[in-house]
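Each chain, letter by letter, is given below.
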Amino acid sequence: MKTRHPNPRLAKTYRTYTVVEVAELYDIHRNTVREWIKRGLPTIDDRRPLVVRGHDLAAFLVARRSRKKRTCQPGELYCVRCRAPRTPAGDMADFEPVSATVGNLIGICPVCDCLMNRRVNVAKLGAVSGKLEVTPTQGPSRIGDSPEPSVNSDFTREPETYAKSQP
Ligand SMILES: [Zn+2]
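Conventions and cut-offs
Residues numbered from 1 in each chain as written. Predicted model: local features only at pLDDT ≥ 70, side-chain atom pairs only at ≥ 80, totals over all residues. Heavy atoms only, no water. Salt bridge = Lys/Arg side-chain N within 4 Å of Asp/Glu carboxyl O. Buried < 20%, exposed > 50% of the residue type's maximum accessible area, 1.4 Å probe, protein only. Donors = N, O, S within 2.8 Å, 3.2 Å for Na, K, Ca; no water. Tetrahedral: all angles 85-135°; square planar, octahedral: opposite > 155°, others 65-115°. Helix = DSSP H or I, 4+ residues; strand = E, 2+ residues; numbered from the N terminus. Phe/Tyr/Trp six-rings, centres within 6.5 Å; stacked < 30°, edge-to-face > 60°. Arc of directions from axis to C-beta.

Visitor: Tell me what's going on with the pattern of salt bridges, and back it up with residues and numbers.
Guide: Oppositely charged side chains can pair when the atoms bearing their charge come close. This structure, assessed with the given rule, holds 6 salt bridges. Ionic pairing is found between E35 and R39, a salt bridge with its closest N-O pair at 3.0 Å. The partly exposed category is assigned to E35, whose relative accessible area is 29%. Two residues, D56 and R53, come together in a salt bridge whose shortest N-O distance is 3.7 Å. Judged by its relative accessible area of 17%, D56 is buried. Several salt bridges share partner residues, and in doing so they unite E35, K38 and R39 into one network.

Visitor: Report on the coordination of the zinc ion, specifying residues and quantitative values.
Guide: Within the protein, the zinc ion binds to C79 (SG), C82 (SG), C109 (SG) and C112 (SG); these donor distances fall in the range 2.2 to 2.3 Å. Seen from the zinc ion, its 4 donor atoms lie at angles of 103 to 115°, and the figure they make is tetrahedral. Of note, the donors binding the zinc ion are all from one chain and are spaced C-x2-C-x26-C-x2-C. One end of the pair, C79, is in strand β3 (residues 77–79); the other, C112, is in the loop between β6 (102–108) and β7 (115–121), with 33 residues separating them in the sequence.

Visitor: If you had to explain the packing of aromatic side chains to someone new, which residues and values would you point to?
Guide: Tallying each qualifying case throughout the model produces 2 aromatic pairs. Measuring from centroid to centroid gives 6.1 Å for Y26 and W36, while their planes differ by 65°, and the two rings are edge-to-face. A residue pair is termed long-range when its members are at least 10 positions apart, and Y26 in helix α1 (residues 19–26) and W36 in helix α2 (residues 30–38) qualify at 10 residues. Residue class for W36 comes out buried when judged on its relative accessible area of 3%.

Visitor: Let's hear about α1: which residues, and what values?
Guide: Since the α-helix advances by 3.6 residues per turn, residues separated by three or four positions end up pointing in the same direction. Those residues of α1 not exposed but buried are V19, V22, A23 and Y26. All buried residues of α1 project into a common sector of 100° when viewed along the axis, lining one side. Following α1 by one or two positions, D27 adopts a phi angle in the positive range, close to 55°.

This is how it looks when you write it as structure tokens:
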């Protein structure tokens, strides 16, 4: 059975493993192991077959696991295309309410220009948005709606005044 989360403890600290042995140990493709090496899993030297220390393998998998768990920091949204948390372009995000308690923070990835979404609890919006400038957008929320229509008499009078002043 393939495992999505290789157990670092399977690697014996004082053993060394070839790429094939690592692949067998975790029942993964050899290319996956080569990918790990490309991404920083240390090998003993450059000679073929490549050999890794069990200790290094375990440490690499622990680091990889914790990196995968890394969630967005305050002020960050997750970019699906980059597969990384990013601070949105311009330090700005829209907040679109989904319900009375939950909404989406929406920003633009500064790297790939994709829209990024982050579902947030309204109560945690302040903590989640960090130093972002958040603009509320339309949604089911009625907060701030005034029952009385605002009257701006100056504005309605303006065109008439203009007309009279024209020669
Ligand atoms: Zn991106």
